Amino acid sequence: MRETDIAIIGGGPAGLSAAIYAASLGAKITLIDDGLELGGQLIKQTHKFFGSEAQFAGIRGIEIAKKLIQEIERCKNIELITNATVTGYYEDEVITIIQGADGNIMKKLKAQRIIVATGASENMLPFINNDLPGVYGAGAVQTLMNLYGVVPGNNVLMVGAGNIGLIVSYQLLQAGIKVEAIVEALPKIGGYLVHASKIRRLGVPIYTSHSLKEVYGTDWVEKAVISKVNKNFEFIPETEKELEVDTICLAVGLSPLSDLLWQAGCQMKYIVELGGYVALRDDHMKSSLDNIYIAGDVAGIEEASSAMLEGKIAGLNAAVSLGYRVDNFLELNINLRKELKELRANPLSEKVKIGLEKALIKREVD
Amino acid sequence: MIKKADIVIIGGGIQGCSIAYNLAKKGAKNIVILEKNTCASGSSGRCGAGIRQQFGTKMNCILARESMKIFETLSEELDYDIELNQAGYLILAYTEKEINQFKKNVVLEQSLGIEAKMVTPEEAKEIVPPLNLEGIIGGTFCPTDGNVNPLYTTFGYAEAAQRLGVKYYPFTEVTEIETEDKRILSVITNKGKILTPIVVNAAGGYSGPVGKMAGVDIPVYSQRHQILITEPIDPLWKPMLMSFSENYYFQQLPDGGVLGGYGDPEHEIIGDNVGSSWQFSRTMAKKMVKLVPILKEVHMVRQWAGLYNMSPDAQPILGEHPQLKGFYMSVGFSGHGFMLAPVTGRLIAELILDGKTSIPIDKLDIGRFKRGELICEPSVV
């Protein structure tokens, strides 16, 4: 059986940052990712990031991924297992890994610490004919366009006006695709107004308090029916509107991919502000179990910038807990937490901050 | 919560619900089921839910046959579709010794009206075309064996019982059983105390500790058994495949997933641990792929575990405790509790209300261990 100091599950912004940080202290890292290449969602993010310089502000996601991957490749003490799915965390603390498309081989790995950075999965929406070809998650649309250069359709209805819905709408427009409308069930736009304004200027209507009721089509989507909703998100009769679209893009939120944490027996809590069930954690990103740390969207739906900082915190503390030394440990911890706090010091992070407070395990001695 | 009952059943799984339903159906009143978690959250909802009539002793054959008769009309009786699927059990033999035992079993089964028959390896392959016959020298097939949805069956019994007035208390854990002069007095739970003259121990994997609460030593222990299921695939075959010597049972369910398990009495954890092990999924996958090689291409999607409540002879312990009046046991089923629950629920109800049963179960009393009259069932996994 393979053995390692720290197994990091997920090679997105959180996992990569955790790996780099922990490796820099000398820990032996095994990084496992299910993608063909590392980077997680970053590799399809063609937009520039906000935040401070330390968090790669002004740089596009794809470029950030490249920088992180270069650093990973320079670290000799990071072992990579890509194109591999972690299928379980068992009672003897063994992680099972199925690698390759045919998945014939089950690898077993025992790690002293595990950092779970599995990210999130896209939410689905219940509506009539939601299994017709042409119904996509926003992440899938981004992958098709930005990674493989394939347009998903010609006329798109975007469902959801959070940042992902707005950014992907803009990217669709850039690719020359018509975005017929954006519907948002909430009474106001969830994403940054700067994104929303840009899209409106390009002639795309954003209907708030509206949702997708059903789609029609024989072999694929041909038409969508949207309707006004009341404050309980119930459709208001006779407010339906038909749209001629061949593509539905769902950007209706993400849910933390926390299955492994459940299996490991971490203390879990449903926190609506963080997107669903998350593991409780202390401010070192350690879960209720001493050997398991979390970072990124699995710890609560946020953005890549905060995921990277959480990854650094988890990586630093996991390595130090194994006896690896760094001179200014306390200071590093404080600075990373300060950076996170600054990043979250904006009105859009208010909800997240309420959620994080609910998820925090307060330690008696710091 | 109520303060007084005529009968308190501890355990809201298939045993408890079947007993409660049958009691209420016979006209009993003031019946309470106490369940420490939710309905079917224990071994009932975790079991493989195969139901077979092919056994090696007359009593087990009769009980299993009667249970199947009840299963056959249970959806109508309970007004709940339990998804009965009578696709048969194909039990495979790998040794001459096994074949000889199977021949005896089939003679017995046929004499009791069970439709089992011997099959050659070629006939086995006709019944299950993707079968790899390596090592198989024959087997038996009973077309009326099958499986049901274990959750729906338990829910069906629970709801039907409640329609007949039974009170079902979930999240209600028994902490003490009070007795006086070798009689049951009351049951104390985390939600309060219930006075009752009769307690039925139907606590499955937890029936040993429940016995201790009543000051009674029941010779049972619990052992983990694991199951895995694959992703749904196109229909490949229907019956349950089973072997005692090679130690497996698995079947493609109507929804396409292949579900299976095996017993591992030497390595499996004793106690109430229902976690999972990678050793199980690896070994089970190998067994499945060896027998049905095309499954090599299929992904496992889930695994879980439940508890076998084992008795010294792997046969249930049924009836009233001789030293404690009003304390009835329906425990120690050793892996066959689900498939037998329709009939044992009926018989326990008869025993409590009439003092006698329509099918003799006196050999299954707790006294048999002291008397040294253990039951020898050759055909168990």
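Treat the numbers as computed from the prediction; the structure is a model and nothing was measured. (Residues numbered from 1 in each chain as written. Chains lettered and ligands numbered in written order. Predicted model: local features only at pLDDT ≥ 70, side-chain atom pairs only at ≥ 80, totals over all residues. Heavy atoms only, no water.)

Novice: Sorry, what's going on with the overall build of chain B here?
Specialist: Broken down by element type, chain B carries 10 helices and 19 strands. Taken over the C-alpha trace, chain B has a radius of gyration of 20 Å; the compact-globule value for 381 residues is 21 Å, and the two agree within 12%. Its C-alpha atoms put chain B at 60 × 40 × 40 Å along the principal axes. Within the span of chain B, comprising 381 residues, buried residues form 59% of the whole. (Helix = DSSP H or I, 4+ residues; strand = E, 2+ residues; numbered from the N terminus. Rg over C-alpha atoms; globule rule 2.2 N^0.38 Å. Buried < 20%, exposed > 50% of the residue type's maximum accessible area, 1.4 Å probe, protein only.)

Novice: Just to check I follow, could you spell out the overall build of chain A for this structure?
Specialist: Along its length, chain A carries 9 helices and 19 strands. Its C-alpha radius of gyration of 21 Å places chain A within 12% of the 21 Å reference for a compact globule of 366 residues. Pairs at least 24 residues apart make up 61% of the contacts formed inside chain A by residues separated by at least 6 positions. A total accessible area of about 17,000 Å² is found for chain A, and carbon and sulfur atoms account for 52% of it. In chain A, 37 positive and 44 negative side-chain charges are present, and the distance between their average locations comes to 5 Å. (Contact = heavy atoms within 4.5 Å. Areas by Shrake-Rupley, 256 points an atom, 1.4 Å probe, with all protein chains shown as cover. Lys, Arg positive; Asp, Glu negative; His and termini not counted. Charge placed at Lys NZ, Arg CZ, Asp CG, Glu CD.)

Novice: Can you help me understand the sheet that holds strand β13 (residues 223–228) of chain A in this one?
Specialist: The strands making up a sheet are joined through hydrogen bonds of the backbone, oriented either antiparallel or parallel. Residues and elements named next belong to chain A. The strand order across the open sheet built from 3 strands is β12-β13-β14, with neighbouring strands paired in antiparallel fashion. On the outer flanks of this sheet lie β12 (210–216) and β14 (241–243), each paired with one strand and no other. Taken pair by pair, the neighbouring strands of this sheet meet at an average axis angle of 30°, ignoring direction. Across 6 bridges, β12 lies against β13 in antiparallel orientation. Looking at β13, one finds that glutamate 214 is bridged to valine 225. (Pairing = 2+ DSSP bridges. Axes fitted to C-alpha atoms, helices over the stretch in contact; angles between N-to-C directions.)

Novice: Looking at this model, I keep getting lost on unusual backbone geometry. Mind explaining?
Specialist: If a residue is not glycine, its phi is most likely negative; likewise, a peptide bond is most likely trans. All names here are of chain B. At asparagine 30, a residue that is not glycine, the phi angle is positive and equals roughly 55°. Inspection of the secondary structure puts asparagine 30 in the loop between α1 (14–25) and β2 (31–34). Classification of asparagine 30 by relative accessible area gives partly exposed; the value is 45%. Phi at alanine 49 takes a positive value of approximately 65°, unusual for a residue other than glycine.

Novice: Would you mind going over the nonpolar core with me for this structure?
Specialist: Nonpolar side chains tend to gather and get buried jointly when the protein is soluble and globular. Counting 74 residues, the largest nonpolar core has Ile9(B), Leu23(B) and Leu63(B) as the members making the most contacts within it. Judged by nonpolar contacts, the second largest core, of 68 residues, contains Leu16(A), Val86(A), Ile95(A) and Leu309(A). (Core = buried A, V, L, I, M, F, W, Y, C linked by side-chain atoms within 4.5 Å.)

Novice: Would you mind showing me how to read the interface of chain A and chain B here?
Specialist: Where interface size is given, it is often the accessible area lost as the parts come together that is meant. Taken together, the contact pairs 9 residues of chain A with 12 residues of chain B. Summed over the three residues of chain A that lose the most area to chain B, namely Tyr90(A), Glu91(A) and Met106(A), the buried surface amounts to 56% of that side. At the junction of chain A with chain B, the criterion picks out 4 residue pairs in polar contact (both at pLDDT 80 or more). Of all the secondary-structure elements, those providing two or more residues to the side of chain A that touches chain B are β5 (94–99) and β6 (105–116) of chain A. Looking at the side of chain A that touches chain B residue by residue, the classes come out as 4 nonpolar, 2 polar and 3 charged. (Buried area = accessible area lost by both parts, 1.4 Å probe. Polar contact = N/O pair within 3.5 Å; in protein donor to acceptor, adjacent residues only side chain to side chain. Nonpolar A, V, L, I, M, F, W, Y, C, P; charged D, E, K, R; others polar.)

Novice: I tried to follow the pairing of strand β4 (residues 89–93) of chain B on my own but got confused; where do I start?
Specialist: Consecutive residues of a regular strand have side chains that alternate between opposite faces of the sheet. Residues and elements named next belong to chain B. Burial within β4 is extensive, with 5 of its 5 residues counted as buried. The two faces of β4 match: Tyr89, Ile91 and Ala93 on one face and Leu90 and Leu92 on the other face are all buried. Examined bridge by bridge, β4 and strand β6 (residues 138–142) share 5 bridges and lie antiparallel to one another. Residue alanine 93 lies in a different strand from β6, and its bridge partner there is glycine 138.

Novice: Teacher, can you tell me more about the side chain of Thr344(B) here?
Specialist: On the secondary structure map, Thr344(B) appears in helix α9 (residues 337–354). By relative accessible area, which is 0% here, Thr344(B) ends up buried.

Novice: Hey, could you run me through the domain arrangement of chain A in this one?
Specialist: Residue and element names in this part refer to chain A. With domains assigned, chain A is organised as domain 1 (2–121 + 254–359) and domain 2 (124–250). With 9 residues of domain 1 in contact, the opposing surface of domain 2 contributes 12 residues. One can count 0 salt bridges joining domain 1 with domain 2. At the boundary of domain 1 and domain 2, one finds 5 residue pairs in polar contact (both at pLDDT 80 or more). By residue class, the composition of the side of domain 1 that touches domain 2 is 4 nonpolar, 3 polar and 2 charged. (Domains from an automatic or database assignment. Salt bridge = Lys/Arg side-chain N within 4 Å of Asp/Glu carboxyl O.)

Novice: Hey, could you run me through the packing of aromatic side chains in this one?
Specialist: The geometry of two aromatic rings is summed up by the distance between their centres and the angle between their planes. All names here are of chain B. In this structure the tally under the stated criterion is 9 aromatic pairs over all chains. Seen from their ring centres, tryptophan 237 and phenylalanine 250 are 5.9 Å apart, and the 90° between their planes marks the pair as edge-to-face. Of this pair, tryptophan 237 sits in the loop between β13 (221–230) and β14 (240–243) while phenylalanine 250 sits in strand β15 (residues 248–252), placing them 13 residues apart in sequence. Accessibility expressed as a relative area gives 4% for tryptophan 237, which makes it buried. (Phe/Tyr/Trp six-rings, centres within 6.5 Å; stacked < 30°, edge-to-face > 60°.)

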